Amino acid sequence: MEEKEISQAVIGRLPRYFRYLGELKDSGVERISSQDLSELMKVTASQIRQDFNNFGGFGQQGYGYNVEYLYTEIGRILGLDREHSFVIIGAGNLGRALGNYLNFERRGFIFRGMFDANPELYGKEVRGIRVMPMEEMEQFVRENCIDIAVLAIPKNDAVAVAEKLVHTGIRAIWNFAHVDLNVPEGIQVENVHLSDSLMKLSYKSAHAGSGF
């Protein structure tokens, strides 16, 4: 059977559902209605039901949603039922901050390696991971079955590094460099432009209450 194509908008809401359901589960909540979840998340109950119906529904009439089951199922849909190994390219402030973020491991993302072009950083450690030269990156990625590469490098270097990663067989790139990457079909890229997010916040702040 051909797999149903899910819209990017629905996929974009799944991590938020997962986060809220995790908090409910940790608080001892066993079940919740779409209406109560709606009030908590500020998403309409109709939207929640439509989103979940893309994956079979999960709820029961008059019962609502089993929180632990729904949390587990959304985690499975997001691919969090298995581990993903990742490396960080760039050992500057951003790269080190990402490497020190412990919540990645709690979600099954395992920090395996860090690379940089600056010889002064070679051998320095981030949570026990030694910074290695860029020349070792391709072999390391291949030999350690790395799933995800995190780019925390200047945009002028990102395109060339991405091309090298493509040749290693990498499956996904989390790109913090301020440049959009064009990679072959089948390689997933998530672009995170921090300044874009800040500018959106600036717009919302400037136009708060204006009706725009």
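Structural data are supplied above this passage.
Being a predicted model, the structure only gives us computed values, none of them experimental.

A word on the environment of R112
Here's step 1: Within the secondary structure, R112 sits in strand β4 (residues 109-116).
Here's step 2: Taking the C-alpha atoms as reference points, R112 and F86, separated by 26 residues in sequence, lie 5.8 Å from one another.
Here's step 3: Residues within four places of R112 in sequence aside, it is in contact with E83, S85, F86, I129, F140 and I146.
Here's step 4: In terms of polar contacts, R112 uses its side chain to reach the side chain of S85, at 3.2 Å.

So, helix α4 (residues 67-77)
Here's step 1: Turning to α4, its buried residues number three or more, namely V67, L70, Y71, E73, I74 and G75.
Here's step 2: Lining the buried residues of α4 we find α1 (8-26), β1 (31-32), α3 (45-53) and β2 (65-66).
Here's step 3: Taken from the residues just after α4, G79 is the one with a positive phi, measuring 80 degrees.

Considerations on the packing of aromatic side chains
Here's step 1: Counted according to the given criterion, the structure contains eleven aromatic pairs.
Here's step 2: Aromatic side chains F52 and Y65 sit 5.2 Å apart centroid to centroid with 90 degrees between the ring planes, which places their arrangement in the edge-to-face category. Residue F52 is found in helix α3, and its partner Y65 is found in strand β2; the two are separated by 13 residues along the sequence. Y65 matches F52 in its accessibility class, with the two residues each being buried.
Here's step 3: Between F104 and W174 the ring centres are 5.8 Å apart and the planes differ by 80 degrees, which places this aromatic pair in the edge-to-face class. Of the two residues, F104 sits in helix α6 (residues 103-106) while W174 sits in strand β8 (residues 172-175), which places them 70 residues apart along the sequence.
Here's step 4: Classification of F104 by relative accessible area gives buried; the value is 14%.

Comments concerning helix α8 (residues 155-168)
Here's step 1: Given a rise of 1.5 Å per residue, 14 residues ought to cover 20 Å, and the 20 Å separating the end C-alpha atoms of α8 matches this to within 8%.
Here's step 2: Where α8 is concerned, the buried positions are A158, V161, A162, L165 and T168.
Here's step 3: Tucked into the core, α8 has its buried residues touching β3 (84-89), α7 (137-143), β7 (148-151) and β8.
Here's step 4: At the exit of α8 stands G169, carrying a positive phi of roughly 90 degrees.

A short note on the pattern of salt bridges
A side chain of one charge can pair with a side chain of the opposite charge when the charged atoms of the two come close.
Here's step 1: Within this structure, the stated rule accounts for six salt bridges.
Here's step 2: Of the charged contacts in the structure, one is a salt bridge between K25 and D26, with a shortest N-O distance of 3.7 Å.
Here's step 3: Assessed through its relative accessible area of 30%, K25 is described here as partly exposed.
Here's step 4: With relative accessibility at 65%, the residue D26 sits in the exposed group.
Here's step 5: Among the salt bridges present, the one from D147 reaches R171, with a minimum N-O distance of 3.2 Å. Taken together, the residues span a long stretch of sequence, with D147 in the loop between α7 and β7 and R171 in the loop between α8 and β8 at a distance of 24 residues.

Some points on the sheet that holds β3
Here's step 1: Within the open sheet, the seven strands sit side by side as β5-β6-β4-β3-β7-β8-β9. Their pairing is mixed. The open sheet has two free edges, formed respectively by β5 (125-126) and β9 (188-191), since each of these has just one partner strand.
Here's step 2: Bridge count between β5 and strand β6 (residues 129-133): two bridges; the pairing is antiparallel. Looking across to β6, one finds that E125 is bridged to R130.
Here's step 3: Each of β3, β7 and β8 is contacted by α8, which is oriented at about 170 degrees to β7, the strand it contacts most.

Quick notes on the nonpolar core
Here's step 1: Ranked by internal contacts, the top residues of the largest apolar core, which has 20 residues, are V87, I89, F115, M137, L151, V161 and L165.
Here's step 2: For this core, the secondary structure elements donating two or more residues are β3, α7, β7 and α8.
Here's step 3: Ranked by residues supplied to this core, first place goes to α8 with four residues.
Here's step 4: In contact with V161, other than residues within four places in its own chain, are I89, M134, M137, L151 and I153.
Here's step 5: L14, Y20, I32 and I48 belong to the second largest nonpolar core, which has 18 residues in total.

About the criteria used
Residues numbered from 1 in each chain as written. Predicted model: local features only at pLDDT ≥ 70, side-chain atom pairs only at ≥ 80, totals over all residues. Heavy atoms only, no water. Helix = DSSP H or I, 4+ residues; strand = E, 2+ residues; numbered from the N terminus. Contact = heavy atoms within 4.5 Å. Polar contact = N/O pair within 3.5 Å; in protein donor to acceptor, adjacent residues only side chain to side chain. Buried < 20%, exposed > 50% of the residue type's maximum accessible area, 1.4 Å probe, protein only. Phe/Tyr/Trp six-rings, centres within 6.5 Å; stacked < 30°, edge-to-face > 60°. Expected span 1.5 Å × (residues − 1). Salt bridge = Lys/Arg side-chain N within 4 Å of Asp/Glu carboxyl O. Pairing = 2+ DSSP bridges. Axes fitted to C-alpha atoms, helices over the stretch in contact; angles between N-to-C directions. Core = buried A, V, L, I, M, F, W, Y, C linked by side-chain atoms within 4.5 Å.

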